[in-house]
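What follows is the residue order along each chain.
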Amino acid sequence: MNSTQPTDRIIGFIHFLREKGYTVGTQEILDALSSLGTMPFDKKSIKHILRSLTCHSVLEWRQYELLFNLYWQSKEIEDGTQDDGPVKDINHIPPTNKLTGFSGSSHQVPELVKDMSNKTSVGAGRQNTFSTMDFRFLKDQKAMMEIERLAELLAQKLSKRLSHQHVIRTKGSKIDIRQTIRRNLSHGGHPKQLFFKQRKRKPVHLVILHDVSHSMAWNNPLLFRFARGLIRAFKSSEAFAFHTELFKVTDFYREPSIEKMRVQFEARNNLWKGGTCIADSLHQFNEKYAAKTLNSKTIFIIISDGFDTNKPEQLIDELKAVKDTSKKIVWLNPMLGREGYNPDKGTMLDIQPYIDKHASANSLDSLKQAISYIAQVG
Amino acid sequence: MPNKFEQLDQQLEQHNYIADADLVTTLSLMETLERPLLIEGEAGVGKTEIAKVLAEIHDCPLIRLQCYEGLDAGTAMYEWNYSHQLLSIKMMEDGNASYEQKDAGIFNEAFLLERPLLQAIRQSKTPVLLIDEIDRADEAFEAFLLELLSDFQITIPELGTMKATTIPMVVLTSNGTRELSDALRRRCLYHYMEYPNFEKELRIIHARLPDIHDTLAQQVAEFLQKLRNYDLRKQPGVAETLDWASALMEQSIETLISDDFIIHSSRSCLLKTQDDVARLTPNEVGKILNTL
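Just so we're clear, the structure is a prediction, and the values are computed from it rather than from any experiment.

Participant: Quick rundown of the overall build of chain A? Include the residues and the values.
Facilitator: Across its full length, chain A holds 16 helices and 9 strands. Looking at the 378 residues of chain A, the share that counts as buried comes to 53%. Counting only contacts in chain A whose residues sit at least 6 apart along the sequence, the fraction spanning at least 24 positions is 70%.

And the structure:
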């Protein structure tokens with residue numbers, strides 16, 4: 001490397017990283033420059049030092065090597081210290097945030113879905129807009145990623161909401177000594193009034209059935225993250241996906257890396273393809289998994305638009321069987337609330353008596369409301 | 001004379017910790033810049049071990065905070081000694097102390113119980129503070145940590161702000177079971193630990209099990225590299241490698257062949273879930289052994 005202007009080059013590289021979505025502040029630049037005096041001054045050390053200072057996640061960590069090599073190689077060619085070679089255009093590397101989530105995945109979105117989603121675009125960071133925005137109008141990649149993240153966070157918040165462990169009460173079995181002393185100081189320290197900790201609530205048991213058929217394609221990146229959030233937040237919960245058949249996906253959702261989860265899903269299952277047999281899939285569930293997974297405290301969540309090639313009577317029979325062994329059945333429908341969709345006809349009308357809640361799932365706000373309901377009954 | 005980087009590299013090796021150059025650089029930076037280090041990676045790649053080795057190298061105390069769901073400030077930072085406070089209140093009963101005097105009398109350092117984080121900033125000699133599996137703690141707990149990680153101080157409402165007497169070397173580890181906040185990440189240097197490659201794993205085996213036969217060490221390392229290519233739910237880490245190698249040494253085995261003991265010991269030492277045991281049948285293990 002050209003050692004005559006190392007400071008400029010390092011600052012240039014950090015600016016390049018910023019363009020690629022890395023969050024690097026002035027402090028990191030100062031730290032980098034001050035550290036270089038204490039380490040061996042070579043390209044390898046610079047690479048390692050800057051990686052520790054500028055990367056904050058595994059995705060950034062993994063992309064860093066490529067970015068570093070591209071940047072330095074191009075500069076060395078400019079300096080004439082390296083021969084011209086097949087250098088990739090450094091501006092064509094996508095920002096790191098485009099590499100995570102289902103929205104950034106390589107799956108083929110059906111043309112119909114593309115057409116419907118091309119109507120509107122929103123910028124990232126506008127959370128108020130996101131809350132009410134219908135998922136199908138999201139086109140902007142960055143906005144999609146943000147919504148996916150928020151959907152997963154939302155699901156995880158349900159867990160927090162249900163597991164507030166130390167609510168102070170004036171009745172109970174476990175004394176909160178700290179509060180008791182504090183609040184009785186005015187009585188000279190006499191514990192006139194005792195304060196108690198609330199007993200830890202038992203975790204909610206969720207079973208999720210997620211429709212991954214063609215008609216659900218545009219909703220799924222977000223609803224996947226939402227379902228993933230729920231499964232990761234509630235440890236004893238189980239998840240299944242279905243189109244014309246059912247398969248268990250709990251382990252996929254528990255996978256910490258979203259990228260790995262996506263690869264596993266795509267490798268093993270035919271996502272977003274083919275028709276939907278909800279009743280057949282539910283039948284498979286009842287036959288194979290219901291006895292092991294359902295109990296009187298289970299909240300059974302079906303995420304589907306309700307378009308079913310099976311007969312409604314068949315679905316009703318299967319739902320009855322589920323209802324007998326679970327606490328509540330919640331149907332999250334991304335079509336509900338959308339223009340032109342009428343829930344009062346067809347399959348959804350027939351099954352209304354057998355489900356406890358038919359809720360919309362087409363925006364963050366609607367997911368929040370669904371969460372509130374689950375928190376209430378859970 | 002070796003520079004700081006080379007010196008640390010040698011010290012790590014002397015303490016049987018085989019580190020890549022980038023990890024040594026990061027550890028040097030951590031000491032130079034006095035910034036916390038966040039290490040992420042799969043379970044069993046040696047994240048926690050780094051803190052232990054650093055404490056040995058610097059001959060300083062290792063203060064460990066194991067995180068879990070529901071961990072609160074009272075367990076991690078400080079707690080008041082309630083029974084002593086009650087006694088003190090009783091003793092003050094006969095006096096004419098006002099409410100304010102009683103309050104000041106019982107909320108002072110004499111009644112303060114130090115928990116790991118407070119202990120870490122009040123040591124006379126710089127300690128290593130290991131905050132293990134931070135991803136298991138709640139998000140609210142991360143917020144408690146921010147003040148400590150950026151300013152090395154803890155604020156106790158009744159006493160005020162307590163600044164660090166020495167800046168601890170803070171190592172946070174995470175298995176990535178949930179996303180950590182950007183605020184926490186930005187306060188830390190970052191390092192991601194991958195499973196070791198063949199050469200590194202072989203060096204680790206020799207460092208940790210110096211009496212192992214060369215052929216066995218090579219074959220164990222090669223077996224593990226091949227095993228990690230399988231789609232397992234829980235990939236075997238370095239700890240599992242060493243357990244298995246030790247078990248084989250106990251039986252005076254010098255080369256890996258496809259026999260019953262080796263097949264069964266590999267499955268019981270290296271596989272950790274029922275799914276993986278079902279996926280990697282004895283027959284499949286035998287196939288890997290035959291390729292060595």
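Participant: Pulling in residues and values, what's your account of the sheet that holds strand β8 (residues 169-174) of chain B?
Facilitator: Think of a sheet as strands paired side by side through backbone hydrogen bonds, with each pair either parallel or antiparallel. All names here are of chain B. The strand order across the open sheet built from 5 strands is β2-β5-β8-β1-β9, with neighbouring strands paired in parallel fashion. Edge positions in the open sheet fall to β2 (62-66) and β9 (189-193), since each of these has one partner strand only. In this sheet, neighbouring strand axes are inclined to one another by 20° on average, regardless of whether the strands run parallel or antiparallel. As paired strands, strand β1 (residues 37-41) and β9 are joined by 5 bridges and run parallel to one another.

Participant: I'd like a rundown of the nonpolar core, residues and numbers included.
Facilitator: Ranked by size, the top nonpolar core spans 91 residues in total, and within it Leu117(B), Ile131(B), Ile134(B), Phe141(B), Leu145(B) and Leu172(B) carry the most contacts. Discounting chain neighbours no more than four positions away, the residues touching Ile131(B) are Leu65(B), Cys67(B), Leu117(B), Leu145(B), Val170(B), Val171(B), Leu172(B) and Thr173(B). Among the nonpolar cores identified, the runner-up in size contains 37 residues, and Ala155(A), Leu223(A), Met261(A) and Ile301(A) belong to it.

Participant: If you had to explain the interface of chain A and chain B to someone new, which residues and values would you point to?
Facilitator: At the interface, 43 residues of chain A touch 50 residues of chain B. Across the chain A to chain B interface the summed buried area is about 3900 Å²; carbon plus sulfur atoms make up 53%. Viewed at the interface, chain B and chain A are joined by 4 salt bridges. Inspection of the chain A/chain B interface yields 9 residue pairs in polar contact (both at pLDDT 80 or more). Within the residue set of the side of chain A that touches chain B, elements represented by two or more residues are α2 (26-36), α3 (43-54), α4 (58-79), α7 (141-162), α8 (177-184), α9 (220-233) and α11 (258-268) of chain A. If one sorts the elements of the side of chain A that touches chain B by residue count, α3(A) sits on top with 6 residues. Its residues assigned to classes, the side of chain A that touches chain B shows 13 nonpolar, 16 polar and 14 charged.

Participant: For the pairing of β8(B), give the residues involved together with the corresponding values.
Facilitator: All names here are of chain B. Counting buried residues in β8 gives 6 out of 6 residues, a clear majority hidden from the surface. Both faces of β8 are covered, namely the face carrying Met-169, Val-171 and Thr-173 and the face carrying Val-170, Leu-172 and Ser-174. Looking at chain direction, strand β5 (residues 128-132) and β8 are connected through 4 bridges and run parallel. Bridge assignment links Leu-130 to a residue of β8, and that residue is Val-171.

Participant: So what's going on with the sheet that holds strand β4 (residues 205-211) of chain A? Which residues, and what values?
Facilitator: Residue and element names in this part refer to chain A. With mixed pairing, the 6 strands of this open sheet are ordered in space as β6-β5-β4-β7-β8-β9. Both outer strands of the open sheet, β6 (246-248) and β9 (357-360), are each paired with one neighbouring strand and no more. Taken pair by pair, the neighbouring strands of this sheet meet at an average axis angle of 20°, ignoring direction. Pairing of β4 with strand β5 (residues 238-242) involves 5 bridges; the strand directions are parallel. What sits directly across from Asp-211, in β5, is Phe-242.

Participant: Before we move on, can you summarise the confidence of the model for chain A with the specific residues and values?
Facilitator: Of all residues in chain A, 67% have pLDDT values of 70 or greater, and the mean over the chain is 74. Low pLDDT, under 50, characterises residues 97-129 of chain A; the predicted model gives this stretch 68 contacts beyond four residues in sequence or across chains.

Participant: Can you tell me about the packing of aromatic side chains, naming the residues and giving the values?
Facilitator: Residue and element names in this part refer to chain A. Under the defined criterion, the tally for this structure stands at 18 aromatic pairs over all chains. When the centroid spacing of 5.3 Å and the interplanar angle of 85° are considered together, the rings of Phe-13 and Phe-68 count as edge-to-face. Placement of Phe-13 in helix α1 (residues 6-19) and of Phe-68 in helix α4 is noted, with a sequence separation of 55 residues between them. Taking relative accessible area as the criterion, Phe-68 reaches 1% and is therefore assigned buried. Judged by centre distance (5.3 Å) and plane angle (55°), the ring pair of Phe-285 and Phe-300 falls under tilted. Of this pair, Phe-285 sits in helix α12 (residues 278-288) while Phe-300 is found in strand β7 (residues 298-303), placing the two residues 15 residues apart along the sequence. Judged by relative accessible area, Phe-285 falls into the buried class, the value being 0%.

Participant: Tell me about the packing of α2(A) against α3(A), residues and numbers included.
Facilitator: Residue and element names in this part refer to chain A. With their axes 10 Å apart at the nearest point, α2 and α3 run at an angle of 150° to one another. Taken as axis vectors, α2 and α3 run roughly antiparallel relative to one another. Here α2 and α3 pass one another in a crossing that is right-handed. On α3, the residues that touch Glu-28, Asp-31, Ala-32, Ser-35 and Leu-36 of α2 are Ile-46, Ile-49, Leu-50 and Leu-53. Of the residues assigned to the contact of α2 with α3, the class counts are 6 nonpolar, 1 polar and 2 charged.

Criteria and thresholds
- Residue numbering note: each chain is counted from 1, following its sequence as written.
- Written order decides the labels, with chains lettered from A and ligands numbered from 1.
- Note on the predicted model: pLDDT of at least 70 is required for a residue's local features to be given, and 80 or more for side-chain atom pairs to be given and counted; whole-chain, interface and lining totals, by contrast, use all residues.
- Only hydrogens and water are set aside; all other atoms, that is, all heavy atoms of the structure, feed into the side-chain values.
- Note on conventions: DSSP H or I runs of at least 4 residues are helices, E runs of at least 2 residues are strands, and numbering of each starts at the N terminus.
- Note on classification: 1.4 Å probe, protein chains only; a residue is buried when its accessible area is under 20% of the maximum for its type, exposed when over 50%, partly exposed between these limits.
- The contact criterion used throughout is that any non-hydrogen atoms of two residues lie within 4.5 Å.
- The criterion for strand pairing is that DSSP finds at least two bridges linking the strands in question.
- For every element, the axis is a line fit to its C-alpha atoms; helices are fit only across the contacting stretch, and the angle between N-to-C directions ranges from 0 to 180 degrees.
- Residue types Ala, Val, Leu, Ile, Met, Phe, Trp, Tyr and Cys, when buried and joined through side-chain atoms within 4.5 Å, form a set referred to as a nonpolar core.
- Once two parts are put together, the accessible area they lose, assessed with a 1.4 Å probe and summed over both, is termed the buried area.
- Take a side-chain nitrogen of Lys or Arg and a carboxyl oxygen of Asp or Glu: if they are within 4 Å of each other, that pair is a salt bridge.
- Contacts described as polar in this section are N or O atom pairs within 3.5 Å, which, within protein, must combine one atom able to donate a hydrogen with one able to accept it, while residues neighboring in sequence count only if both atoms come from side chains.
- Only Asp, Glu, Lys and Arg are considered charged, only Ala, Val, Leu, Ile, Met, Phe, Trp, Tyr, Cys and Pro nonpolar, and every remaining residue, Gly among them, polar.
- Note: pLDDT gives the predictor's confidence per residue, expressed from 0 to 100.
- A pair of Phe, Tyr and Trp rings is counted when the ring centres sit within 6.5 Å of each other, with Trp represented by its six-membered ring. The angle between the planes then sorts it: under 30 degrees is stacked, over 60 is edge-to-face, the rest tilted.
- We call two directions roughly parallel when the angle between them is under 35 degrees, roughly antiparallel when it is over 145, roughly perpendicular when it lies between 65 and 115, and oblique otherwise.
- Left-handed describes a crossing whose near helix is turned anticlockwise from the far helix through less than a right angle; right-handed describes the clockwise counterpart.

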